[in-house]
Amino acid sequence: MFIRFIIFLLMLTVTTFADDDTLEVYFDTPNLDLLENNSLLKYKAVKYLSKKKQKIKYNESIIYISKSQKKHIFSVKHYNNVKFIEEKHSLLALIKRKDRKLFSTLVKNDGIKYPMKLKYIFEVTRNSKDKFLVENNYKKIFDKKFKNDMLFTIKFKYLYFLNLFYAIGLSIIGLLIIKILFRQRLRE
């Protein structure tokens, strides 16, 4: 649910910036198996205007490029109710129910035993007319993100510990603020 919320917020940011009309959200395992095998798994949403009402809509798809560099495109459908455990996963919930078995078979054949361990890595917004990034390379984008943010790998490999560190840090800051504001009362 959290990843769906992030994707929704990112789609809203795409609508506010007229130049960026494509959102790509990359997924990988915590061990970066897809990155090591030169594979790719991404959610892609391209903005367009509907013909009748001139309303902003999105063409959504999930693109998987396997080890053999074969491209598989899965269509996206948003379901209102949960029938299977896979629908709790941020990526698997977007794939049509009839295509999930094929998707999990493809991913398992490429060495990922548990497709439910696929995690959100990062997102990229861009203009669809930008020819340089149309067929972008996951490794190049990952290296660029890694150079810009030193805690990048820690953020998705050890997210639990990072959130724990943030919670402890905020608790200490809160205690210090309480101690400073109520030092007269605490002395008595």
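Notes on the structure in this doc start here. For clarity, every value in this text was computed on a predicted model and none was experimentally measured.

**So, the overall build of the chain**
Along the backbone of the chain there are seven helices and five strands. Starting at the N terminus, the α and β elements of the chain follow one another as α-β-α-β-β-β-α-β-α-α-α-α. Buried positions account for 35% of the 188 residues belonging to the chain. Expressed as a percentage of contacts within the chain between residues at least 6 apart in sequence, the contacts between residues at least 24 apart total 49%. As displayed, the chain offers around 13000 Å² of accessible surface, 60% of which is attributable to carbon and sulfur atoms.

**Here's the deal with the sheet that holds strand 5 (residues 119–126)**
The antiparallel open sheet is built from five strands, whose spatial order is 4-3-2-1-5. Each end of this open sheet is capped by a strand with a single partner; those strands are strand 4 (71–75) and strand 5. Taking each pair of neighbouring strands and ignoring which way they run, the sheet shows an average axis angle of 25 degrees. Where strand 3 (residues 56–65) meets strand 4, five bridges bridge the pair, whose relative direction is antiparallel. Looking across to strand 4, one finds that Tyr-64 is bridged to His-72. Taken strand by strand, helix 3 (residues 100–109) contacts strand 2 (40–49), strand 3 and strand 4, and its axis lies near 150 degrees from that of strand 4. Running at roughly 95 degrees to strand 5, helix 4 (residues 138–148) makes contact with strand 1 (22–28), strand 2 and strand 5 of the sheet.

**Here's the deal with a nonpolar patch on the surface**
Taken together, the side chains of Leu-151, Ile-154, Tyr-158, Tyr-160, Phe-161, Leu-164, Ile-168, Ile-172 and Leu-176 present a nonpolar region at the surface, about 910 Å² in accessible area. When residues of the nonpolar patch are assigned to their parent elements, the largest contribution, six residues, is made by helix 6 (residues 159–181).

**Quick word on the pattern of salt bridges**
Applying the stated rule across the entire model yields one salt bridge. With a shortest N-O distance of 3.0 Å, Glu-24 and Lys-42 are connected by a salt bridge. Highlighted residues: Glu-24 in strand 1 and Lys-42 in strand 2, separated in sequence by 18 residues. Lys-42 shares its class with Glu-24; the two are buried.

**Brief notes about the pairing of strand 4**
The side chains of a regular strand alternate, first on one face of the sheet and then on the other. Residues His-72 and Phe-74 line the buried face of strand 4, whereas the alternating positions Lys-71, Ile-73 and Ser-75 sit on a face that is not buried. Linking strand 3 back to strand 4 in an antiparallel pair, the connection comprises five residues, with Gln-69 at a positive phi of about 65 degrees.

**Re unusual backbone geometry**
At Gln-54, a position not held by glycine, the phi torsion is positive, near 55 degrees. Despite not being glycine, Gln-69 has its phi angle at roughly 65 degrees, a positive value. Position of Gln-69 relative to the elements: it lies in the loop between strand 3 and strand 4.

What counts, and where the lines are drawn
- Residues numbered from 1 in each chain as written.
- Predicted model: local features only at pLDDT ≥ 70, side-chain atom pairs only at ≥ 80, totals over all residues.
- Heavy atoms only, no water.
- Helix = DSSP H or I, 4+ residues; strand = E, 2+ residues; numbered from the N terminus.
- Buried < 20%, exposed > 50% of the residue type's maximum accessible area, 1.4 Å probe, protein only.
- Contact = heavy atoms within 4.5 Å.
- Areas by Shrake-Rupley, 256 points an atom, 1.4 Å probe, with all protein chains shown as cover.
- Pairing = 2+ DSSP bridges.
- Axes fitted to C-alpha atoms, helices over the stretch in contact; angles between N-to-C directions.
- Patch = residues over 30% accessible without salt bridge, like charges linked within 9 Å, V, L, I, M, F, W, Y side chains within 5 Å.
- Salt bridge = Lys/Arg side-chain N within 4 Å of Asp/Glu carboxyl O.

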